[in-house]
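Summary of the model geometry
Chain residues, written in single-letter form:
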Amino acid sequence: SQKIEQNSEALNIQEGKTATLTCNYTNYSPAYLQWYRQDPGRGPVFLLLIRENEKEKRKERLKVTFDTTLKQSLFHITASQPADSATYLCALVGPDSWGKLQFGAGTQVVVTP
Amino acid sequence: GAVVSQHPSWVICKSGTSVKIECRSLDFQATTMFWYRQFPKQSLMLMATSNEGSKATYEQGVEKDKFLINHASLTLSTLTVTSAHPEDSSFYICSATGQSRGYNEQFFGPGTRLTVL
């Protein structure tokens, strides 16, 4: 069955450092992969989308890589700030599941001053 | 980004009653809306896909007679939890997408916390 795995342990990081999150998937050939931010009691907020033919995508302090050979995406938050504290979700869309997202369980990031 | 609202933001109801949750796209035409459910510390689970003007498509294991979805207009979809039971208590989230948004990007509502007593 299709599986998306994110590190369930919270990532505690000091302000100013780079946070790196991992998303691994199995039995999946995603057309693209997305990263979302979710704050407690709120809906997810879209951050970045990367397609299967793209290796890397950047948006301000965020960077996403996508390795379809390793079946892995890395999500980096550079120069992290306490306001970046949240849960970060990766989501996949398969080539034959138009628009339907399957989410990982998310990794909580805690940035301390 | 686009704005999607949900109403109510939270609801408490007695077991056996029905609850309706509204999802509205405020600034674009949402040809497709998705309904998710999220239990504490777990990922969002897709319940159903709703296209405007047609019947919703439900994911495996989701009872269509229990979770009624209506997507009668390009800006509104509703989810009705019929004869709710305590195990239906969860965080329900909708998302919307459409041609003007390129279909790839989904915009999520703020969620509705349902508690069934």
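It should be noted that the structure appears before, not after, this text.
Okay, so let's go over this structure.

Calculation notes
Residues numbered from 1 in each chain as written. Chains lettered and ligands numbered in written order. Predicted model: local features only at pLDDT ≥ 70, side-chain atom pairs only at ≥ 80, totals over all residues. Heavy atoms only, no water. Pairing = 2+ DSSP bridges. Helix = DSSP H or I, 4+ residues; strand = E, 2+ residues; numbered from the N terminus. Axes fitted to C-alpha atoms, helices over the stretch in contact; angles between N-to-C directions. Patch = residues over 30% accessible without salt bridge, like charges linked within 9 Å, V, L, I, M, F, W, Y side chains within 5 Å. Areas by Shrake-Rupley, 256 points an atom, 1.4 Å probe, with all protein chains shown as cover. Salt bridge = Lys/Arg side-chain N within 4 Å of Asp/Glu carboxyl O. Disulfide = S-S within 2.5 Å. Buried < 20%, exposed > 50% of the residue type's maximum accessible area, 1.4 Å probe, protein only. Phe/Tyr/Trp six-rings, centres within 6.5 Å; stacked < 30°, edge-to-face > 60°. Lys NZ or Arg CZ within 6 Å of the ring centre and 35° of its normal. Contact = heavy atoms within 4.5 Å. Buried area = accessible area lost by both parts, 1.4 Å probe. Polar contact = N/O pair within 3.5 Å; in protein donor to acceptor, adjacent residues only side chain to side chain. Nonpolar A, V, L, I, M, F, W, Y, C, P; charged D, E, K, R; others polar.

What follows deals with the sheet that holds strand β3 (residues 19-25) of chain B. Residue and element names in this part refer to chain B. The strand order across the open sheet built from 4 strands is β1-β3-β8-β7, with neighbouring strands paired in antiparallel fashion. The sheet is open, and its two borders are formed by β1 (4-7) and β7 (67-73), each paired with just one other strand. On average, each strand axis in the sheet is inclined to that of its neighbour by 15°, with strand direction left out of account. For β3 and strand β8 (residues 76-81), the ladder comprises 6 bridges, and the chain directions are antiparallel.

A surface patch of nonpolar side chains, about 380 Å² in accessible area, is lined by Trp10, Ile12 and Leu117 of chain B. Position of Trp10 of chain B relative to the elements: it lies in strand β2 (residues 10-13).

Attention now goes to the state of the cysteines. The tally for this structure, following the rule as stated, stands at 2 disulfides over all chains. Between the sulfur atoms of Cys23 of chain A and its disulfide partner Cys90 of chain A the distance amounts to 2.0 Å. Disulfide Cys23 of chain A-Cys90 of chain A: torsion about the S-S bond near 55°, hence right-handed. Placement of Cys23 of chain A in strand β3 (residues 19-26) and of Cys90 of chain A in strand β9 (residues 86-93) is noted, with a sequence separation of 67 residues between them. With respect to class, Cys23 of chain A is no different from Cys90 of chain A; both count as buried. The disulfide partner of Cys23 of chain B is Cys94 of chain B, and the gap between their sulfur atoms is 2.0 Å. Disulfide Cys23 of chain B to Cys94 of chain B: torsion about the S-S bond roughly 80°, handedness right-handed.

Before going further, it helps to examine the packing of aromatic side chains. Both the distance between ring centres and the angle between the ring planes are used here to describe each pair of aromatic rings. On inspection of all chains with the given rule, the structure shows 12 aromatic pairs over all chains. Centroid distance Tyr36 of chain A to Phe103 of chain A: 5.5 Å. Interplanar angle 55°. Geometry classified as tilted. With Tyr36 of chain A in strand β4 (residues 32-38) and Phe103 of chain A in strand β10 (residues 102-103), this residue pair connects regions lying 67 residues apart in the sequence. In this pair, the class of Tyr36 of chain A matches that of Phe103 of chain A, namely buried. Here the aromatic rings of Phe103 of chain A and Phe108 of chain B are separated by 5.9 Å at their centres, their planes lie at 75°, and the arrangement is edge-to-face. Taken together, the residues Phe103 of chain A in strand β10 and Phe108 of chain B in strand β10 (residues 107-108) connect one chain to another. Phe108 of chain B matches Phe103 of chain A in its accessibility class, with the two residues each being buried. An aromatic cluster is present here, built from Tyr36, Phe46 and Phe103 of chain A together with Tyr36 and Phe108 of chain B joined pairwise through their rings. Positioned over the ring face of Phe67 of chain B is Lys66 of chain B, at 6.0 Å from the centre of the ring.

Counting residues at the interface gives 20 residues for chain B, matched by 19 residues for chain A. For the pairing of chain B and chain A, the buried interface totals around 1,600 Å² over both sides, and the portion due to carbon and sulfur atoms is 56%. Taken together, chain B and chain A are joined by 1 salt bridge. Taking the shortest distance from any N to any O, the salt bridge between Glu59 of chain B and Lys100 of chain A comes out at 2.8 Å. In this assembly, chain B and chain A are joined by 3 residue pairs in polar contact (both at pLDDT 80 or more). Secondary-structure elements contributing two or more residues to the side of chain B that touches chain A are β4 (32-38), β5 (45-51) and β9 (90-97) of chain B. Among the elements that make up the side of chain B that touches chain A, the one with the highest residue count is β4 of chain B (4 residues). Tallied by class, the residues present in the side of chain B that touches chain A amount to 9 nonpolar, 9 polar and 2 charged.

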